Amino acid sequence: MKASRVYNFSAGPGMLPLPVLQRAEGELLGLPGMGMSVLEISHRSEPFERILSSAQNNLRALLDLPPDYRILFLQGGATLQFSMVPMNLLRGTGKRADYVVAGTWGEKAVTEAHREGEVRVLWDGETDEFTRMPRRDEWQPDPEAAYVHITSNETIQGLQLQWDPDAAPAPLVCDMSSDFLSRPIAAESYSLIYAGAQKNAGPAGVTVVIVREELLERVPAGLHTMLDYGVHAAKDSMHNTPPVFSIYMVHLVTEWLLQEIGGLRKMAAINAEKAALLYRVIDESDGFYSGHAQPDSRSRMNVTWRMADSNLGPLFVEQARARGMHNLKGHRSVGGLRASIYNAMPLAGVRALRDFMLEFQGEHGP
Ligand SMILES: *Cc1c(COP(=O)(O)O)cnc(C)c1O
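Please read all numbers here as calculations on a predicted model, not as lab measurements. (Residues numbered from 1 in each chain as written. Predicted model: local features only at pLDDT ≥ 70, side-chain atom pairs only at ≥ 80, totals over all residues. Heavy atoms only, no water.)

K.L.:
Any chance you could break down helix α7 (residues 244–261) for me, citing the residues and the numbers?
P.N.:
Look at α7: 25 Å from first C-alpha to last across 18 residues, which is about the 26 Å you get at 1.5 Å a residue. Of the residues trailing α7, G262 is marked for its positive phi of about 95°. (Helix = DSSP H or I, 4+ residues; strand = E, 2+ residues; numbered from the N terminus. Expected span 1.5 Å × (residues − 1).)

Structural data, given as structure tokens:
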């Protein structure tokens, strides 16, 4: 390997699989048979059309998507979806939108939805200081709601929904940015799924939006062209120049998931194994480390914890970095530490962190 790579535990952009980076490197100066880089080709060219449809087909296969779902590649990040969802599905309906707020990203989604109509916070995790997801028996969406919005994985707090929300009586909309493609999902339960690519699916610059066709019929007339799901669906994400390189990378990542990992069931098993290594150290540390999330809501993507002696946090981060483990500092709003272990984080990286956690406790614990 030319560059020496570290284990990057950043919450996003996250690591990309090494074979994906190597393939991109190998093809960077020219796509096979093209004599032109993917950075240079026209989005209207046949090779790019093939990349786009292959990325869609791979996603369809990985998620076992029924045929009546459309896959869009949009820009503006998951953050723009906080606005596009209520513009397209709430505006002018006279209905109310239900939001589950389990952490920072859910809060941000609500802020934007308020600009478009009436919003109800169906479940609010703030009373528990954002340490858990709702339980199944707390899940009571209003059948009359325009839609119900959830965040499957709260990246900052390190919380993940560990049960499948059944098809809600109202259309279910899910921000899956930080656990997209990390496990199988019951796709037919959702009416709309969105995910910024840079956590699990590719680089920044593209957001995958998966929408049930039936929902497109509800989009109100008169929206700005670029903010209208109907336009993007009708033009197959090519109303204007799409983020060609980012879509190409999503294509490579989905190939890797299908061909090298063997699908989302396998990916989920690997992710569960990785997360268990870290939670075990936390649980067996006699309080030297304490997890932020309540056990039934623990994220397998973002592991958040604190040190009993918070003064040790910076030392932990610094010494881990010296061992090639980067970006372990927790988000400023939560404090403590956070290890983001997305799909591309190898088991070896998590083992190295586990070993370091044990060693650090040995040195600084009581
Ligand atoms: C990172 C993240 C976002 C924001 O994504 P951008 O692509 O930066 O807009 C939204 N929701 C969740 C759950 C995230 O993890």
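K.L.:
Go over the side chain of N58, please, and point to the residues and values.
P.N.:
Position of N58 relative to the elements: it lies in helix α2 (residues 46–63). At 3.1 Å, the side chain of N58 and the side chain of E255 are in polar contact. (Polar contact = N/O pair within 3.5 Å; in protein donor to acceptor, adjacent residues only side chain to side chain.)

K.L.:
Which residues make up the sheet that holds strand β12 (residues 302–307), and what are the values?
P.N.:
Spatially, 3 strands are ordered β11-β12-β14 in an open sheet, and the strand pairing comes out antiparallel. Each edge of the open sheet is held by one strand with a lone partner, namely β11 (289–291) and β14 (337–340). Pairs of neighbouring strands in the sheet enclose a mean axial angle of 35°, with direction left out of account. Alignment of β11 against β12, held across 3 bridges, turns out to be antiparallel. Paired with S290 across the bridge in β12 is R306. (Pairing = 2+ DSSP bridges. Axes fitted to C-alpha atoms, helices over the stretch in contact; angles between N-to-C directions.)

K.L.:
Before we move on, could you go through the environment of R96 and cite the residues and values that matter?
P.N.:
Along the chain, R96 falls in strand β3 (residues 96–101). A sequence separation of 148 residues divides R96 from V244, and the C-alpha atoms of the two residues are 37 Å apart. If we ignore the near neighbours within four places in the chain, the residues touching R96 are L90, E118, V119, R120, D142, A145, A146 and Y147. There is a polar contact of 3.3 Å between the side chain of R96 and the side chain of D142. (Contact = heavy atoms within 4.5 Å.)

K.L.:
Please provide a residue-by-residue account of the site of the ligand, values included.
P.N.:
In the vicinity of the ligand lie 13 residues, with T79, T155, D175, Q198 and K199 positioned nearest. The backbone of A78 places a nitrogen or oxygen atom 3.1 Å from an oxygen atom of the ligand. Q198 places a polar side-chain atom, nitrogen or oxygen, 2.9 Å from an oxygen atom of the ligand. When the free accessible area of the ligand is taken as 380 Å², the share hidden by the protein chains comes to 87%. Considering every element that reaches the shell around the ligand, the biggest residue donor is helix α3 (residues 77–89), with 4 residues. The class makeup of the residues in the shell around the ligand is 3 nonpolar, 8 polar and 2 charged. (Near = heavy atom within 4 Å. Areas by Shrake-Rupley, 256 points an atom, 1.4 Å probe, with all protein chains shown as cover. Nonpolar A, V, L, I, M, F, W, Y, C, P; charged D, E, K, R; others polar.)

K.L.:
Describe the packing of aromatic side chains, listing the residues and the values that go with them.
P.N.:
Tallied over the entire structure, the rule returns 13 aromatic pairs. Between F245 and Y248, the aromatic rings sit 5.7 Å apart at their centres with planes inclined by 40°, giving tilted as the arrangement. A residue pair is termed a helical-turn pair when its members lie 3 or 4 positions apart in one helix, as F245 and Y248 do in helix α7 at 3 residues. Of the residues examined, Y248 reaches a relative accessible area of 2% and is grouped as buried. Aromatic pair F288 and Y289: ring centres 4.8 Å apart, planes at 75°, arrangement edge-to-face. Relative accessible area serves as the criterion here: at 6%, F288 is assigned to the buried category. Three or more aromatic residues joined by ring pairs make a cluster, and in this case those are F288, Y289, W305, F316, F356 and F360. (Phe/Tyr/Trp six-rings, centres within 6.5 Å; stacked < 30°, edge-to-face > 60°. Buried < 20%, exposed > 50% of the residue type's maximum accessible area, 1.4 Å probe, protein only.)

K.L.:
Tell me about the packing of α3 against helix α4 (residues 104–113), residues and numbers included.
P.N.:
Closest axis-to-axis distance for the α3/α4 pair is 8 Å, and the angle between their directions is 45°. When the interaxial angle is binned, α3 and α4 end up oblique. The element α3 and its partner α4 pack so that their crossing is right-handed. Across the interface between the two elements, T79, F82, S83 and P86 from α3 touch W105, K108, A109, E112 and A113 from α4. Considered class by class, the residues forming the contact of α3 with α4 number 5 nonpolar, 2 polar and 2 charged. (Parallel < 35°, antiparallel > 145°, perpendicular 65-115°, else oblique. Left-handed = near helix turned anticlockwise from the far one by under 90°.)

K.L.:
Break down the pairing of strand β5 (residues 147–151) for me, citing the residues and quoting the values.
P.N.:
Among the 5 residues that make up β5, 5 are buried, leaving the element largely enclosed by the rest of the structure. Judged by which residues are buried, β5 turns out to be covered on both faces: Y147, H149 and T151 on one side and V148 and I150 on the other are all buried. Here β3 runs beside β5; their pairing, made up of 3 bridges, is parallel. Paired with Y99 across the bridge in β5 is H149.

K.L.:
Could you give an account of the pairing of strand β2 (residues 69–74), with specific residues and numbers?
P.N.:
Counted residue by residue, β2 has 5 buried out of 6 residues, so it is predominantly covered. Relative to strand β10 (residues 207–212), β2 is paired through 6 bridges, and the arrangement is antiparallel. Paired with L72 across the bridge in β10 is V209.

All quantities given are derived from atomic positions and should not be read as evidence of function.
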